[in-house]
There are 2 protein chains.
Amino acid sequence: MATARGRPRGFDRDLALERLMQVFWAKGYEGAQLNDLTAAIGVKPPSFYAAFGSKEAAFREAIDLYIATIGAAPMRALDAAATVRAGLRAMLEGSVEVALSAKPGGCLLILGVVNCLPVNEAARAHLLNARRKTVALVADRLRRGVANGELPAGTDIARLAAFFHGIMQAISFQARDGATRAELLALIDPALRALDPD
Amino acid sequence: MATARGRPRGFDRDLALERLMQVFWAKGYEGAQLNDLTAAIGVKPPSFYAAFGSKEAAFREAIDLYIATIGAAPMRALDAAATVRAGLRAMLEGSVEVALSAKPGGCLLILGVVNCLPVNEAARAHLLNARRKTVALVADRLRRGVANGELPAGTDIARLAAFFHGIMQAISFQARDGATRAELLALIDPALRALDPD
DNA sequence: GCCATTCTATAACTTCTGCTACAGAAAGGT
DNA sequence: ACCTTTCTGTAGCAGAAGTTATAGAATGGC
């Protein structure tokens, strides 16, 4: 083990990353300015760059942290439930809680970069990739439902996965627009009708 | 009628506004830089400012034009159809066409400003207001459906209106993420299940 | 022809962006 | 004690953002 050389860092990097995540969550990638980021850590730019490399690298780390912590709960709920329907309901209810747990609300993976300058296309691509993984997890759960006979054999997995991901996007967007918990939860029942037999 | 005094404008203001709308549509409010806007008209900044006042004023005009032209078609289709179900289907299909009719896709009212700097909060508020009007139009159509007996008397109008607006948001987001026409249209049938009787 | 009026282009301004050169401070190695 | 290594704050970089002062060009009115 190489012992720590040089002057030790004056702040907790893990805690700092958590705060960076909060700032990116609240303001989006481009809306989060270096001022906001460094102020949230209580540190000057050189320390920020020494610890995280660049704004984009910090964003990627923040995204990974978000996926591992905040975003993981709804997807775990999806898998843990006994039935597909209960799993999707739990996932969507979890998404509502996530969307309300920060101001101004919504999912970082969905809202973090929507429009961006060409310079920041890489950050957008990183989020797009994360969203695709979300859809894949929903598809996996649906596939399990077909395998164990809960859903009919001819079920269009991709279509339903995209649909329920669409409901998550709607929850995020409406939370960002100031919807209440009751309003967001009210989106779930109509959506679950998509599982009804023909 | 006061006759035109002074040097006449060297470009067609209406055509220019249409091009500004296209740029805002493609890049969003903050993503559309003055460079892009003036280049799209073929004009230098002072002419832009003489004609439109400011970037934000131009955006508001572009939004109004979008609502009156592009955005009006789905809402007209909603009203023109014989039944609520057919109207909602036509509205959503129209939204798909709108979302695919420009690159990189999606609705200007939904995606034009998502994250923004505090300075640009007014532009965001302008779009938020336009979205509320969309929801109100859907609610009106649902109310007509209750009035003529097509929907049950106890129907939760606000809930369903928010839900179908959520589907429009999902269409916009997924179009922006590169979904095909078939994928976007596949969101509609599951959504219309929300109208099924209990 | 000359005036007032209005549009246009050149060129710049102010402000802010992400980022960094520099010098000093705080630690371990020897 | 001294060197190396690494973090820290001050101060400022180059570039781009939206916007505008200025001077010139093009029209109608008289």
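Residues numbered from 1 in each chain as written. Chains lettered and ligands numbered in written order. Predicted model: local features only at pLDDT ≥ 70, side-chain atom pairs only at ≥ 80, totals over all residues. Heavy atoms only, no water.

## Some words on the interface of chain A and chain B
Rules: In what follows, a contact means two residues having at least one pair of non-hydrogen atoms within 4.5 Å. Once two parts are joined, some of their accessible surface, as seen by a 1.4 Å probe, is lost; buried area is that loss totalled over both. Should a side-chain nitrogen of Lys or Arg be within 4 Å of a carboxyl oxygen of Asp or Glu, the pair is scored as a salt bridge.
Counting residues at the interface gives 38 residues for chain A and 38 residues for chain B. Note on chain A versus chain B: buried area summed over both sides is about 3,100 Å², and carbon and sulfur give 52% of it. Across the chain A-chain B interface, the total number found is 5 salt bridges. B:Asp189 is the salt-bridge partner of A:Arg159, the closest N and O atoms lying 4.0 Å from each other.

## Examining helix 2 (residues 34-41) of chain A
Residues and elements named next belong to chain A. Our working definition: Buried means the residue's accessible area, taken with a 1.4 Å probe over protein chains only, is under 20% of the maximum for its type, while exposed means over 50%, and partly exposed covers the values in between. Secondary structure elements follow DSSP: runs of H or I no shorter than four residues count as helices, runs of E no shorter than two count as strands, and numbering proceeds from the N terminus. Arc, as used here, means the arc of the directions from the helix axis to the C-beta atoms.
For helix 2, the complete set of buried residues consists of Leu-37, Thr-38 and Ile-41. Seen along its axis, helix 2 keeps its buried residues to an arc of 90°; they face one direction. Helix 2 presents Asn-35 and Ala-39 as exposed residues on the side facing more than 90 degrees away from its buried surface. Those residues of helix 2 that are buried lie in contact with helix 1 (13-31), helix 3 (45-52) and helix 4 (55-68). Remark: Gly-42 follows helix 2 within two positions and exhibits a positive phi of approximately 75°.

## What about the domain arrangement of chain A?
Residue and element names in this part refer to chain A. The test is simple: Throughout the structure description, domain borders are defined by an automatic or database domain assignment.
Parsing chain A into structural domains produces domain 1 (13-66) and domain 2 (72-195). Each of domain 1 and domain 2 was reduced to a C-alpha centroid, and the two centroids are 25 Å apart. Counting residues at the interface gives 14 residues for domain 1, matched by 21 residues for domain 2. In this assembly, domain 1 packs against domain 2 so that about 1,400 Å² is buried in total across both faces, 64% of it on carbon and sulfur atoms.

## Re the relation of the copies chain A and chain B
Quick reminder of the rule: Superposing the copies works by least squares over the C-alpha atoms of residues that have pLDDT at least 70 in both of them.
Rotating chain A by 180° about the axis while translating it 0.0 Å along that axis superimposes it on chain B, leaving an RMSD of 0.1 Å. Here the two chains are linked by the operation of a two-fold rotation axis. Both copies contact each other with a shared surface, as 100% of the interface residues of chain A are interface residues in chain B too.

## So, empty space enclosed by the protein
To find leftover empty space, one rolls a probe the size of a water molecule over the atoms. Using the following cut-off: Cavity: a set of points on a 1 Å grid over the protein atoms alone where a 1.4 Å probe fits but cannot get out. Pocket: an open set with protein on both sides within 12 Å along at least five of seven lines, its lining residues, like those of a cavity, having an atom within 4 Å of a point. Grid points are joined across faces, edges and corners, and a volume is the space filled by probe spheres set on the points. The classification used treats Ala, Val, Leu, Ile, Met, Phe, Trp, Tyr, Cys and Pro as nonpolar, Asp, Glu, Lys and Arg as charged, and all other residues, Gly among them, as polar.
Summed over all chains, the structure comprises 3 cavities of 30 Å³ or more. Computed from the structure, the largest cavity encloses a volume of approximately 160 Å³. Residue lining of the largest cavity: 18 residues in total, with A:Glu30, A:Val114, A:Asn115, B:Glu30 and B:Asn115 positioned closest to the centre. Mapped by element, the contributors of at least two residues to the lining of the largest cavity are helix 1 of chain A together with helix 1 (13-31) of chain B. Classifying every residue of the lining of the largest cavity gives 6 nonpolar, 8 polar and 4 charged.

## Describing the environment of B:Val146
Residues and elements named next belong to chain B. Inspection of the secondary structure puts Val-146 in helix 8 (residues 121-147). When its relative accessible area of 22% is taken as the criterion, Val-146 is described as partly exposed. Contact partners of Val-146, with chain neighbours within four places excluded, come to Leu-151, Pro-152, Ala-153, Thr-155 and Ile-157.

## Things to note about the packing of aromatic side chains
Convention followed: Here the aromatic set is Phe, Tyr and Trp, taking the six-membered ring for Trp, and pairing holds for ring centres within 6.5 Å; pairs whose planes are under 30 degrees apart are stacked, those over 60 apart are edge-to-face, and all others are tilted.
One pass over the structure, following the stated rule, counts 15 aromatic pairs over all chains. Here A:Tyr29 and A:Phe59 contribute two aromatic rings whose centre-to-centre distance is 4.7 Å and whose plane-to-plane angle is 50°, an arrangement assigned as tilted. With a gap of 30 residues between them, A:Tyr29 in helix 1 and A:Phe59 in helix 4 connect regions that are remote in the sequence. Here the two residues A:Tyr29 and A:Phe59 agree in accessibility, since each one is buried. Considering the side-chain rings of A:Phe173 and B:Phe173, the 5.7 Å spacing of their centres and the 75° angle between planes classify their relative orientation as edge-to-face. Placement of the pair is A:Phe173 in helix 9 (residues 157-176) and B:Phe173 in helix 9 (residues 157-176), with the two residues belonging to separate chains.

## Topic: the protein's contact with DNA strand D
Cut-off, in case you're wondering: It suffices for a single heavy atom of a residue to lie within 4 Å of a molecule or strand for the residue to be listed as near it. Residues adjacent in sequence count toward polar contacts only when both atoms are side-chain atoms; beyond that, a polar contact is any pair of N or O atoms within 3.5 Å, and within protein one must be able to donate a hydrogen and the other to accept it.
If you check the shell around DNA strand D, you find 24 residues, and the closest are A:Gly6, A:Gly10, B:Gln33, B:Leu34 and B:Tyr49. Here DNA strand D approaches the protein such that, of its atoms within 4 Å, sugar and phosphate make up 70%. One of the backbone nitrogen or oxygen atoms of A:Arg7 is found 3.1 Å away from a sugar or linking oxygen of DNA strand D. In the model, a phosphate oxygen of DNA strand D is placed 2.8 Å from a nitrogen or oxygen of the B:Lys55 side chain. At the level of secondary structure, the elements contributing two or more residues to the surface near DNA strand D comprise helix 3 of chain A together with helix 2 (34-41) and helix 3 (45-52) of chain B. By residue number, the principal contributor to the surface near DNA strand D is helix 3 of chain B, which donates 3 residues.

## Some points on the packing of helix 1 of chain B against helix 4 (residues 55-68) of chain B
All names here are of chain B. For clarity, the threshold we go by: What counts as an axis is a line fitted to C-alpha atoms, over the stretch in contact for a helix, and the angles between N-to-C directions run from 0 to 180 degrees. Here is the rule for angles: anything less than 35 degrees is roughly parallel, anything more than 145 is roughly antiparallel, 65 through 115 is roughly perpendicular, and the remaining ranges are oblique.
The interhelical angle for the contact between helix 1 and helix 4, taken along N-to-C directions, is 100°, at an axis separation of 9 Å. On the basis of the axis angle, helix 1 is roughly perpendicular to helix 4. Every residue of helix 4 that contacts helix 1 at Arg-13, Leu-17, Glu-18, Leu-20, Met-21, Phe-24, Trp-25, Tyr-29 and Glu-30 is listed here: Lys-55, Glu-56, Ala-58, Phe-59, Glu-61, Ala-62, Leu-65 and Tyr-66. Residues that form the contact of helix 1 with helix 4 fall into these classes: 11 nonpolar, no polar and 6 charged.

## Description of the side chain of B:Arg131
Within the fold, B:Arg131 resides in helix 8. Judged by relative accessible area, B:Arg131 falls into the buried class, the value being 2%. Within the structure, the side chain of B:Arg131 is placed 2.9 Å from the side chain of A:Asp177, a separation counted as a polar contact. Setting aside chain neighbours within four positions, we find B:Arg131 in contact with A:Phe173, A:Asp177, B:Leu109, B:Ile110 and B:His165.

## Some words on the packing of helix 5 (residues 72-80) of chain A against helix 6 (residues 84-100) of chain A
Residue and element names in this part refer to chain A. The condition is simple: Crossings are assigned a handedness: left-handed for a near helix turned anticlockwise from the far helix by less than a right angle, right-handed for a clockwise turn.
One can describe the packing of helix 5 onto helix 6 by two numbers: an axis separation of 7 Å at closest approach and a directional angle of 165°. Classed by the angle they form, the pair helix 5 and helix 6 counts as roughly antiparallel. Note on packing geometry: the crossing formed by helix 5 with helix 6 is right-handed. Contacts from Pro-74, Met-75, Ala-77 and Leu-78 in helix 5 reach Gly-87, Leu-88, Ala-90, Met-91, Gly-94, Ser-95 and Val-98 in helix 6. A class-by-class count of the residues in the contact of helix 5 with helix 6 yields 8 nonpolar, 3 polar and no charged.

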